[in-house]
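Topology and contacts: notes
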Amino acid sequence: MPQNVNELSVISSKQLYHYLEKRSSRKPDEFNVATNLFNGLVKGIEDVGMMQKLTQDQKKMLRKQSVDDLKNLNLLWLDSMINSEDQLREKMSLFWHGHFACRVINIYFQQQLINTIRQNALGNFGELLRDVSKSPSMLSFLNNQQNKKQHPNENFAREVMELFTMGRGNYTEDDVKEGARAFTGWGFSLHGEFVNRPFAHDDGNKTFLGKTGNFDGDDIISILLEQEQTAKFITQKIYKFFVNDTIDSEKINWLAKRFYESNYDIQKLMSDIFLSDWFYDEKNIGIHIKSPIELIAGIRRFLPMELDKPEVQLLFQHVLGQVLFYPPNVAGWPGGKNWIDSSALMFRLGIPQILANADNFVIRPKDDDDTMMGMEGVDKMERPRQVNSVVDWDSVLKVFDSEEKENLLEKISSIVLQTKDKIDSAVIDKYAGKQTREMYIQTMIVELMSTPEYQLC
Amino acid sequence: MLMFYKQKIKFNILIMLLKRKEFLQIGSLATASLFVPKFLKAFEQKSIVPPGNKILVVLQMSGGNDGLNTVIPVRNDIYYKSRPHLGIEKDKALLLTDEVGINPALPAFKQLFDEGGLSIMNGVGYPNPDRSHFRSMDIWQSASDSNKYVYTGWLGRYLDAQCDGCGKPTQALEVDDILSLALKGENNKGIAVKDPARLYNTSNEKYFREINAVHHPEEETVDYLYKMLSETLSSADYIFQQSKLHPSSQMYPATGLGKNLKTIASLIMSDINTQVYYVSIGSFDTHVNQDNQQKRLFTEMNDAVNAFINDLKNNNRFQDVLIMTFSEFGRRVAQNASGGTDHGTANSMFLISGGLQQKGLLNAMPNLADLDQGDLKYSVDFKNVYATILRQWLHADDVSILGKQYELMNFV
């Protein structure tokens with residue numbers, strides 16, 4: 001938030017971290033956007049098999065309602081990322097949202113999963129992993145409802161190992177098969193409750209990662225957590241997300257060892273990262289390409305605004321390639337340079353002007369079903385669209401009240417941009433509005449946000 | 001609120017200063033290029049695709065087109081039994097052979113077939129098919145196995161193989177506002193351009209050109225973004241200029257696909273170095289009331305493709321252009337209870353060109369007596385089709401692009 005900017009300059013980075021940590025330690029509010037219609041339709045249906053009792057029209061209505069509710073969930077979370085003071089928790093939740101990527105059109109399930117993630121984002125990784133693995137979202141997305149003794153389905157076991165814990169190359173195909181046998185019987189009710197179906201469970205002996213026993217799903221997760229490789233895999237992914245895409249094995253090994261020894265305490269791992277001097281090294285600053293969500297939330301955090309149609313942010317997410325609750329697949333968003341192509345970059349550079357009401361835009365996404373998340377008809381015509389926003393410039397301008405005019409550009413630039421080399425000040429100055437001091441500041445902020453440098457943090 | 005309102009008025013004055021229009025150098029490329037001498041140079045070498053060079057146009061039919069009502073087995077009892085309402089009668093279908101008909105809304109395709117300009121590949125799919133739109137589209141676009149997650153596309157990797165560091169980012173264009181995974185490579189990406197004039201206007205903002213011109217190399221990631229910006233600005237100029245060189249005089253239908261194919265035709269007739277174009281039509285997700293929806297989309301496709309082919313023929317380029325159609329999956333053999341069909345597996349592909357080596361029906365129709373839980377079993381892996389096009393049409397290294405050697409076919 002802009003009003004905090006000046007405070008930021010007087011406290012040390014480590015003090016700031018302690019503040020963030022403290023703020024984020026409180027329990028997050030649960031999201032609940034599932035509408036009455038959805039509740040009404042689902043109510044009374046005990047088992048997913050009973051879905052057949054619904055008519056075609058009811059099913060269709062359920063899906064449509066889910067899609068609508070998911071849009072609200074998306075915007076609610078985005079708002080929370082923008083306005084919440086629990087920034088560490090929100091950012092960590094965004095990380096886990098990509099790590100435990102899940103794409104199901106069911107508002108109950110998605111809502112339950114994101115609440116689980118936000119709740120445990122800074123808690124214990126083992127518990128988070130267990131809760132997520134037992135969530136109806138993940139069990140349904142990875143087909144474990146179909147994983148039965150007579151017909152094992154390996155999808156769930158494979159992804160739990162490949163993407164959630166150890167990473168490819170650290171287990172055999174036999175481990176996948178045996179793991180899948182242990183997970184047989186794990187399922188869920190339509191209400192979104194985990195159910196263990198003993199009749200579908202294979203209770204024979206399994207040999208998994210060198211251990212043999214009559215394992216069930218919980219045992220498999222425990223064995224996976226016993227592997228130091230799991231700590232290493234998770235640490236490396238967190239390092240890439242928060243520190244640098246280029247990995248530093250020495251640092252990662254040090255962090256992973258402590259993470260493992262702490263029995264997977266996520267908050268401790270984050271303290272280890274943020275309280276290390278190397279985190280603030282020049283080579284680790286201004287090199288991470290912001291994800292579309294980070295970009296949108298960042299602009300809006302700095303420029304408090306009211307949007308007349310907040311849904312437009314869904315369109316932004318779609319155009320830029322990151323729609324919350326719609327990851328491309330179970331591997332999540334690849335991130336980094338994958339965010340950037342010509343059209344995405346030009347749109348990124350245009351967003352500050354669009355959001356600040358200074359420009360319109362023309363976008364007509366292709367008709368492609370579930371990726372459109374019910375946005376069909378949003379923009380069938382190729383016509384310029386205008387976002388009507390009201391920016392609370394007063395709170396932004398206040399930050400620069402005490403600044404001499406000749407220092408303004410440097411000051412604004414140092415706040416808006418995080419890259420080591422700043423953009424050529426003559427160019428920024430040339431395009432800035434000179435009529436009034438307010439205008440000068442406003443135009444410079446929007447200009448600086450419309451640069452390649454602003455894509456980085 | 002009042003305070004906000006006042007601020008808004010103030011900001012509206014500021015808008016005047018930032019408005020794009022004011023940044024535009026109207027109609028003057030020369031002036032704009034003063035800011036960008038470095039990257040326009042890349043194009044001065046005139047690396048033109050000479051006439052005779054091969055061009056691929058990929059037409060994506062999004063949503064899962066019903067292949068069995070597209071290429072129809074008109075003498076198959078199982079087909080009519082499975083589709084008592086949706087089945088297309090033999091006398092309604094446009095007959096290609098005694099056994100096979102094409103959807104009545106595709107007369108231009110029937111004519112192309114008769115002339116030897118259209119081949120049909122049946123039963124195309126992949127092992128362990130996925131019935132989610134998104135995932136299956138992912139698999140087709142990335143050309144990955146269904147249990148692997150690959151974040152580059154097959155045409156993006158074509159760009160990586162063909163033009164790494166060649167400074168010609170316009171080799172693959174998607175006529176759309178958003179770039180598909182298919183055109184994203186590791187190091188090179190195609191360009192999404194719905195309308196060359198609009199892209200030109202967006203990128204011709206003096207401010208972008210100027211920050212780009214004053215940028216000097218620093219940290220690698222910043223440089224990557226500036227390189228992308230440079231390429232976009234210069235490509236936007238280049239595409240716009242080229243699109244104006246030979247505006248197509250052919251009449252195209254005023255539909256989405258009609259407009260997009262017209263844009264592609266104008267670029268094909270120019271000197272642009274583009275070898276791959278990508279365009280989509282949809283949605284073919286016909287769970288309900290399939291007949292009307294498929295008919296509407298096929299009519300749009302028929303008329304647009306017909307105009308495009310005539311344009312190519314009139315300009316003597318039909319033998320140099322190959323159109324490949326695909327959809328992320330076909331639909332189930334049996335109709336559902338809502339006058340539609342649900343997500344299925346294997347599907348047919350159209351290959352259209354004046355330069356086909358093998359014409360007509362390229363293989364047998366799918367076997368409706370041998371189904372996998374009501375779904376067609378695939379007989380051709382789509383990656384064999386990709387490999388053939390990459391190697392024999394685009395003369396590219398199919399093995400490095402697809403990660404292994406797929407058996408090549410003979411249609412081109």
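Residues numbered from 1 in each chain as written. Chains lettered and ligands numbered in written order. Predicted model: local features only at pLDDT ≥ 70, side-chain atom pairs only at ≥ 80, totals over all residues.

Time to look at the overall build of chain A. The helix and strand inventory of chain A stands at 21 helices and eight strands. The C-alpha atoms of chain A give 24 Å as radius of gyration, which agrees with the globular expectation for 457 residues (23 Å, within 12%). Considered along the principal axes of its C-alpha atoms, chain A spans approximately 80 × 55 × 40 Å. Long-range pairs, those at least 24 residues apart, make up 72% of the contacts in chain A between residues at least 6 apart in sequence. (Helix = DSSP H or I, 4+ residues; strand = E, 2+ residues; numbered from the N terminus. Rg over C-alpha atoms; globule rule 2.2 N^0.38 Å. Contact = placed C-beta atoms within 7 Å.)

Residues and elements named next belong to chain B. Of all the seven residues making up strand 10 (residues 347–353), seven are buried; the element is thus mostly covered by neighbouring parts of the structure. Of the two faces of strand 10, both are covered, the one formed by Asn-347, Met-349, Leu-351 and Ser-353 as well as the one formed by Ser-348, Phe-350 and Ile-352. With five bridges connecting them, strand 5 (residues 118–125) and strand 10 associate as antiparallel partners. Each residue of the ladder has a partner; that of Val-124, found in strand 10, is Asn-347. With three bridges connecting them, strand 9 (residues 321–326) and strand 10 associate as antiparallel partners. Paired with Ile-323 across the bridge in strand 10 is Ile-352. (Buried ≥ 20, exposed ≤ 12 C-beta atoms within 10 Å, placed from the backbone. Pairing = 2+ DSSP bridges.)

Residue and element names in this part refer to chain B. Looking along the chain, the bond that leaves Gly-282 and enters Ser-283 is cis, with omega of 5°. Position of Ser-283 relative to the elements: it lies in the loop between strand 8 (276–281) and helix 13 (290–314). In this structure, Ala-143 is a non-glycine residue whose phi angle is positive, near 55°.

Right, let's get into the domain arrangement of chain A. Assigned domains of chain A: these are domain 1 (13–226), domain 2 (228–284) and domain 3 (292–455). Taken over C-alpha atoms, the centre of domain 2 of chain A sits 30 Å from the centre of domain 3 of chain A. (Domains from an automatic or database assignment.)

Another point: the interface of chain B and chain A. Listed by partner, the interface residues are 55 residues for chain B and 58 residues for chain A. Counting residues per element, the ones that place at least two in the side of chain B that touches chain A are helix 1 (2–18), helix 7 (133–142), strand 7 (191–192), helix 9 (196–203), helix 10 (206–214) and helix 11 (220–245) of chain B. Along the lines of polarity and charge, the residues of the side of chain B that touches chain A split into 25 nonpolar, 13 polar and 17 charged. (Nonpolar A, V, L, I, M, F, W, Y, C, P; charged D, E, K, R; others polar.)

All names here are of chain A. At a closest axis distance of 9 Å, the pairing of helix 4 (residues 56–83) and helix 6 (residues 107–120) adopts a crossing angle of 20°. Between helix 4 and helix 6, the angle falls in the class roughly parallel. Taking contact as the criterion, the partners of Ser-66, Asp-69, Leu-70, Leu-73 and Trp-77 in helix 4 are, on helix 6, Ile-107, Gln-110, Gln-111 and Ile-114. Of the residues in the contact of helix 4 with helix 6, the class split is five nonpolar, three polar and one charged. (Axes fitted to C-alpha atoms, helices over the stretch in contact; angles between N-to-C directions. Parallel < 35°, antiparallel > 145°, perpendicular 65-115°, else oblique.)

Before going further, it helps to examine the environment of B:Thr388. Tracing the backbone through its elements, the reader meets B:Thr388 in helix 14 (residues 382–393). Remark: the alpha-carbon pair of B:Thr388 and B:Asn306, spanning 82 residues in sequence, is separated by 25 Å.

All names here are of chain B. Counting 227 residues, the largest nonpolar core has Leu-56 and Ile-389 as its most contacted members. It is helix 11 that contributes the most residues to this core, ten residues altogether. Those residues within four positions of Leu-56 in sequence are excluded, and the remaining contacts are Gln-275, Val-276, Leu-322, Met-324, Ile-389, Trp-393 and Leu-394. (Core = buried A, V, L, I, M, F, W, Y, C linked by C-beta atoms within 7 Å.)

Turning next to helix 11 of chain B. Between its first and last C-alpha, helix 11 of chain B extends 37 Å over 26 residues, near the 38 Å set by a 1.5 Å rise per residue. Of all 26 residues making up helix 11 of chain B, 19 are buried, and the element is well covered by its neighbours. (Expected span 1.5 Å × (residues − 1).)

Residues and elements named next belong to chain A. Where helix 10 (residues 173–183) contacts helix 11 (residues 217–226), the axes come no closer than 7 Å and their chain directions differ by 135°. Considered as vectors, helix 10 and helix 11 are oriented oblique to each other. Residue-level contacts link Gly-179, Ala-182 and Phe-183 of helix 10 to Gly-217, Asp-219 and Ile-220 of helix 11. Taken together, the residues of the contact of helix 10 with helix 11 sort by class into three nonpolar, two polar and one charged.

This brings us to the sheet that holds strand 2 (residues 71–73) of chain B. Residues and elements named next belong to chain B. Spatial strand order, 2-4-3: three strands in an open sheet with antiparallel pairing. Every interior strand has two partners, whereas the edge strands, strand 2 and strand 3 (94–95), have only one. The sheet contact formed by strand 3 and strand 4 (residues 100–102) spans two bridges and is antiparallel. The residue bridging Leu-94 from the neighbouring strand is Ile-102, located in strand 4.

Turning next to the environment of A:Val416. Position of A:Val416 among the secondary structure elements: in helix 19 (residues 405–416). For the pair A:Val416 and A:Val446, spaced 30 residues apart in sequence, the C-alpha to C-alpha distance is 9.6 Å.

Let's shift gears to the confidence of the model for chain B. All names here are of chain B. When pLDDT is averaged along chain B, the result is 87, and 86% of the positions lie at 70 or above. Here residues 1–49 scores under 50 on pLDDT; set against residues more than four positions off or in separate chains, the count is 69 contacts. Across the predicted assembly, pTM comes out at 0.86 and ipTM at 0.90. (pLDDT = per-residue confidence, 0-100.)

The next subject is helix 6 of chain A. Residue and element names in this part refer to chain A. Taking 1.5 Å of rise per residue, the 14 residues of helix 6 would be expected to cover 20 Å, and the 20 Å separating its terminal C-alpha atoms lies within 8% of that figure. By the criterion of burial, helix 6 is predominantly enclosed, with twelve of the 14 residues buried. Listed as buried for helix 6 are Ile-107, Tyr-108, Phe-109, Gln-110, Gln-111, Gln-112, Leu-113, Ile-114, Thr-116, Ile-117, Arg-118 and Asn-120.

Moving on, we come to the pairing of strand 1 (residues 55–61) of chain B. Residue and element names in this part refer to chain B. With seven of its seven residues buried, strand 1 lies for the most part within the structure. In strand 1, alternate side chains face the same way, and those of Ile-55, Val-57, Leu-59 and Met-61 on one face and Leu-56, Val-58 and Gln-60 on the other are all buried. Where strand 1 and strand 9 come together, six bridges link them in parallel fashion. Across the sheet, the residue bridging to Gln-60 is Phe-326, located in strand 9. Note: strand 1 against strand 8, six bridges, orientation parallel. If you follow Leu-56 over to strand 8, its bridge partner there is Val-276.

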